[in-house]
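Observations on the three-dimensional arrangement
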Amino acid sequence: MPKSINIDQKHSRAIVREIGEKLRTTMEPERELPVNVRTQIDRLRELEEQSPSIHPADERRDKPRR
């Protein structure tokens, strides 16, 4: 088994962002997604809107200050 590498959240998010950028640049923008993929993406968006934030600081920023 390969040795595990521990990275902090900041670097983990940077890696995720970079992978996302690479995927966006390699995908054909005018190509339509298959219906089943589009359905799953739409469902994920719905669930994301319904779920609470796992990062408390995000919730505090959304609330108005007194």
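What you are looking at is a predicted structure, and each value in this text was computed from that prediction instead of being measured.

A count of helices and strands for the protein gives three helices and zero strands. When the 66 residues of the protein are sorted by exposure, 2% land in the buried category. Carbon and sulfur atoms provide 55% of the accessible area of the protein, an area that totals close to 7300 Å².

Let's shift gears to a nonpolar patch on the surface. There is a patch of nonpolar side chains on the surface, built from I5, I7, I15, I19, L23 and M27 and spanning about 620 Å² of accessible area. Relative to the helices and strands, I5 is located in the segment before helix 1 (9-26).

Applying the stated criterion across every chain yields a total of four salt bridges. A salt bridge links E18 to K22, with the shortest nitrogen-to-oxygen separation between them at 3.8 Å. Of this pair, E18 and K22 both sit in helix 1, four residues apart, which is roughly one turn of the helix. Put simply, R43 and E46 hold a salt bridge, and the shortest N to O gap is 3.4 Å. With a gap of three residues between them, R43 and E46 both fall in helix 2 (residues 35-50), about one helical turn apart. You can call R43 partly exposed: its relative accessible area is 40%. The class for E46 is partly exposed, based on a relative accessible area of 40%.

We now examine the confidence of the model for the protein. Overall, the prediction assigns the protein a mean pLDDT of 78, with 76% of residues at 70 or greater. For the protein, helix 3 (residues 56-62) is the element with the lowest average pLDDT, namely 55, and helix 2 is the one with the highest, namely 89.

Cut-offs applied
Residues numbered from 1 in each chain as written. Predicted model: local features only at pLDDT ≥ 70, side-chain atom pairs only at ≥ 80, totals over all residues. Heavy atoms only, no water. Helix = DSSP H or I, 4+ residues; strand = E, 2+ residues; numbered from the N terminus. Buried < 20%, exposed > 50% of the residue type's maximum accessible area, 1.4 Å probe, protein only. Areas by Shrake-Rupley, 256 points an atom, 1.4 Å probe, with all protein chains shown as cover. Patch = residues over 30% accessible without salt bridge, like charges linked within 9 Å, V, L, I, M, F, W, Y side chains within 5 Å. Salt bridge = Lys/Arg side-chain N within 4 Å of Asp/Glu carboxyl O. pLDDT = per-residue confidence, 0-100.

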